[in-house]
Amino acid sequence: MRSIKLKNLTKTASGSCVLNQINLHIPAGKFFALLGPSGCGKTTILRLIAGLDQADSGEIYLDEEEISKKPINQRPINIVFQNYALFPHLNVFDNVAYSLKLKKLPKGIIEQKVFQILESFHLASHIYKLPSQLSGGQQQRVALARAIVGEPDVLLLDEPLAALDFKLREKMLIELIELQDKLKTTFVYVTHDQFEALTVADQMAIMNHQGEIEQIGTPKQIYEFPISSFVARFVGTTNILNGTLHHLKEESEIDCHELGRFKVYIPQTKEWMKEGSSIQMSIRPEKIFITKKPAQNFSNHLKGSVHSIVYHGRSTQYNIILKNHTRLQVFEQNEEHFPQEVIDYDNEVFLYWQKENAVILEK
Amino acid sequence: MLKISGLLMVASTYLFLYVPIVVLLVFSFNLEAFPSPWKGFTLKWYYELMHAPYLWKAFGNSLIVASFSTAISLTSGISLIFYATQGGRVGKFLALFYANLVIPETILAVSLLGFFSLFSIPLGLTTLVLAHTVLGLGFVVPILYARFVELDPKLTEASLVLGATSIQTFFKIILPMLLPTIVTTGLLVFIISFDDFVLSYFTAGSSTQTLSLYILSMIRSGVSPMVNALSAVLLFLSSLLVLIYFSLKTRTRIV
Amino acid sequence: MKSKTTLPFMIGIPALIWQALFFYIPLLITFFSSLLHFTEEGLFLGFTLEKMALFINPIYEKVWFSSFCLALSNALICLIIAYPLAYFLAFTGKRFKNILLFLLIVPFWTNFLLHVYAWFFVLEKEGFLNIFLKSIGAINEPIHFLNSLFSIMVMMVYYYLPFMVLPIYFALERFDHRLIEASHDLGARPLQTFRRIMLPLTLNGVRAGFLLVYIPSFAEFVIPELMGGDKQMFMGSVVSHYILGEKTASLGAAFTVISSLILLISALFFYWLLGYLFKPRKSNA
């Protein structure tokens, strides 16, 4: 297991995608996710690490070794493609054994390794079939087996689950986590699906449309403490309110004009948090308490009416209209079969949240 | 209504295509030579065919020319693809080969004749092979290259990432995947060369005969049941080859 | 990076060399020999358009005109027969389709001269058709089918039909059948659907087929010579006559060059015309 360091990587292309001075450290032996909207450059980063493309400037390090100029086939890095790219004229065994045969390992050892890995992936019964005879999920596992049988130092995965249906995807995510845990190989997982990223990652990075990295951290850090409205909006859903920041003696407040003034909690003061500056406040829908009766012991509250209700099984989503026509989303977990309070369309409701549960963002 | 007239039209077209052939076949078994009507069944024309003096030499020549020109054009075509896989920019040269289809064979044949006489190259099997290879290249290169670009580039990338060099990738991945197309195109080019007339007419010279030229000489000396018999045999061979071509095309569409 | 592609280049180059050597250079030689002026002994005197000028002559103009008419009518007849045939082929059931395709390709893959012979056999003075007609009492004297424009046309269509059918067939294969249903759904009559939907979308196939028939037909000399006898002179026969003659080779070259030009221009014209008539048009909304 080895770490990857990207230093000042820049790449321009005649298409829309640009990589702009990317600096990234992917720790060894961890499951790292790279999340971002389609076309933002995350696949490009993967291809640069694999050697399939060349950056215009910058360096790539595998531990301390600079590999930017190393040819593709000499890098101990393998990749699982989105469309699997299984060799259609070779059967499962030959596909998986491909890299081992190139290394000229003895036949017996190759057989042993291939059989072993196909066993663990539950593919033993398909060993002499052609890729066209396999289902999507099976093909995906063959692609995975082919990539890891040669014990690479790093495994790159380019949206590997995109072509699978929901249930299968959930299952494969768990299997991938367990696999990485067992192998301790550094995994770099690229996706535009935030659910996937949050599920698998030990550490993750979010990229924006301009080919820049917005934030790096653990899934929890990124979800609970986004540093920009892009991150707050891209990962999960959130409510954003605009206002002016005021530092009072004991605590800080955000003045959201007609909506009122709300107390905010600032864990770490940043440079842009000046008195009177325009800022944004992000409150996640699940952090808001919704009720028809007034409640006590909350830092902040708002009044609104219920515009629409969406039932999600585990939770109910309420879309609330505030007095200045701003909309807020609220999630409430459906804890009880027979809820004590039933909230219906056009009801007047109170929204409460604690000041620690909101995050202020730079505008 | 439309259906019936459609079927009628198709039926009559196929009738038009096959009546001469069927007639030809039937009368290859006729006891007496034309112009007599049907007298009885016989295989004697086929026996005579077997012993026709220059027929087998011509047949052999056609076979040799077709084989060599197919082999050379296929090899050149594959080499060109190899060059493309190693980073060569083939795309822009491709247009050069489209001209083969656009220039009428007569003009090409005439030009080649001029070329050969200018450089005092004696006409014969060699010039035939040279000419037919040009014909073949016009098919081989565009068809193979079109199939090549259809291949998923990710397959090449996967091979490289797994540790193969470009050359290994060519022989282990690209070439096997192109094989069905290579075989069917080879078959196509072989037939085109074997059946060719115009090019052979101008580049064969006086001492060499291909099968087409032989048939021409037979036609010039009038109708003869031996030609009927020859037609039957060649038709049978063609049908066989078309069957092979079809079964290859439908069976091996892997990707 | 440079040394990496040198060896593959060496390997890849034969195809290019061959093409250049045996295709383009001969053509260039033909082109230039039509312009060059040699004395009896073969001394090079310079460029001249004299030889070309020789052919600006009603006799030759008639030859070109005949070739033009032959090629055009052949292409048109083939198109009219081929399109419905290709349509039928593309939309029939699988098994029937394979049989029909097989039957279409077998003659295509059979020796060219045998086709000629087959029709020879049928149309000759003492050939099959005459014998048949005589036997059923329709005629008393054998009809001279051969040596006529009729027999030439029959043979041309017979040989060139698959060239027209196959490209159109491939274009129709890729054609989404549901478009026809949608068009009928919206109220169009079959002819309108054909004109507005099918033709524009299969235009490439039609163009390809048209050129694949028109261009070779223009230079065709075997069929007219064998089936038409000496009645008509076409471009191909003139070329072969001159080229194979003793001292007329360079004249032949000149004639070839001019003929090629005429052929090229007319072919391009028809290519454009087909596009103009049938290309998908932007509506005047």
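Residues numbered from 1 in each chain as written. Chains lettered and ligands numbered in written order. Predicted model: local features only at pLDDT ≥ 70, side-chain atom pairs only at ≥ 80, totals over all residues.

Time to look at the overall build of chain B. Across its full length, chain B holds 11 helices and 0 strands. Counting from the amino terminus, chain B carries its helices and strands in the arrangement α-α-α-α-α-α-α-α-α-α-α. For 255 residues, the compact-globule formula gives about 18 Å, and the C-alpha radius of gyration of chain B, at 23 Å, lies well above that figure. C-alpha extents for chain B along the principal axes are approximately 75 × 60 × 35 Å. Of the contacts formed within chain B by residues at least 6 apart in sequence, a portion of 81% connects residues at least 24 apart. (Helix = DSSP H or I, 4+ residues; strand = E, 2+ residues; numbered from the N terminus. Rg over C-alpha atoms; globule rule 2.2 N^0.38 Å. Contact = placed C-beta atoms within 7 Å.)

Looking now at the arrangement of the chains. The interface with the most contacts, out of 2 pairs of chains in contact, is the one formed by chains B and C. One thing to see here is that chain A and chain C don't touch, and their nearest C-alpha atoms sit 12 Å from each other.

Another point: the confidence of the model for chain B. Of all residues in chain B, 93% have pLDDT values of 70 or greater, and the mean over the chain is 84. Scored by ipTM, the complex comes to 0.82, with pTM at 0.82. (pLDDT = per-residue confidence, 0-100.)

With 62 residues of chain C at the contact, the number on the chain B side is 62 residues. In terms of residue count, the dominant contributor to the side of chain C that touches chain B is helix α1 (residues 2-33) of chain C (19 residues). Tallied by class, the residues present in the side of chain C that touches chain B amount to 46 nonpolar, 13 polar and 3 charged. (Nonpolar A, V, L, I, M, F, W, Y, C, P; charged D, E, K, R; others polar.)

Attention now goes to the nonpolar core. The biggest cluster of nonpolar side chains holds 125 residues, and the ones touching the most others in it are Val165(C) and Ile168(C). Take this core: its biggest share by element is 16 residues, from helix α7 (residues 149-173) of chain C. For Val165(C), the contacting residues outside a window of four places in its chain are Ala82(C), Leu85(C), Ala86(C) and Leu104(C). Counting residues in each nonpolar core, the second largest holds 80 residues, with Ala143(A), Ala145(A), Val154(A) and Leu176(A) among its members. (Core = buried A, V, L, I, M, F, W, Y, C linked by C-beta atoms within 7 Å. Buried ≥ 20, exposed ≤ 12 C-beta atoms within 10 Å, placed from the backbone.)

So, on to the interface of chain B and chain A. Opposite the 17 residues of chain B that make contact, chain A presents 17 residues. Here the side of chain B that touches chain A takes 6 residues from helix α7 (residues 153-161) of chain B, the largest share from any one element. Residues belonging to the side of chain B that touches chain A are distributed by class as follows: 11 nonpolar, 3 polar and 3 charged.

The subject of this paragraph is the sheet that holds strand β2 (residues 18-26) of chain A. Residues and elements named next belong to chain A. Taken together, the 4 strands give an open sheet; going across it, the order is β2-β1-β4-β5, and neighbouring strands pair in antiparallel fashion. Among the strands making up the open sheet, the edge pair consists of β2 and β5 (65-66). Relative to strand β4 (residues 57-62), strand β1 (residues 4-12) runs antiparallel, the two being bridged by 5 bridges. In the sheet register, Lys7 faces β4, and the bridge partner there is Glu59. (Pairing = 2+ DSSP bridges.)

Here the focus is the sheet that holds strand β15 (residues 289-291) of chain A. Residue and element names in this part refer to chain A. A sheet is described by the order of its strands in space; here 5 strands give the open sequence β15-β19-β16-β17-β18, paired in antiparallel fashion. In this open sheet, the two strands that pair with only one neighbour each are β15 and β18 (327-333). With strand direction ignored, the average angle separating the axes of adjacent strands in the sheet is 45 degrees. With 7 bridges joining them, strand β16 (residues 300-311) and strand β17 (residues 315-322) adopt antiparallel strand pairing. Paired with Tyr311 across the two strands is Thr316, which belongs to β17. (Axes fitted to C-alpha atoms, helices over the stretch in contact; angles between N-to-C directions.)

Take the domain arrangement of chain A next. Residues and elements named next belong to chain A. The domain boundaries assigned to chain A delineate domain 1 (4-233) and domain 2 (237-362). Facing the 6 residues of domain 1 at the interface are 7 residues of domain 2. Looking at the side of domain 1 that touches domain 2, its residues break down into 3 nonpolar, 2 polar and 1 charged. (Domains from an automatic or database assignment.)

Let's shift gears to the pairing of β17(A). Residue and element names in this part refer to chain A. Counted along the chain from β16 to the antiparallel partner β17, the turn is 3 residues long, and its residue Gly313 has a positive phi close to 85 degrees. As judged from the 7 bridges shared by β17 and β18, these two strands associate in the antiparallel manner. Bridge pairing in β18 places Ser315 opposite Gln333.

Turning to the domain arrangement of chain B, a few remarks are in order. Residues and elements named next belong to chain B. Here chain B is described as being made up of domain 1 (1-42) and domain 2 (53-251). Distance from the C-alpha centre of domain 1 to the C-alpha centre of domain 2: 32 Å. On the side of domain 2, 8 residues touch domain 1, which itself brings 8 residues to the contact. The residue inventory of the side of domain 1 that touches domain 2, partitioned by class, reads 6 nonpolar, 2 polar and no charged.

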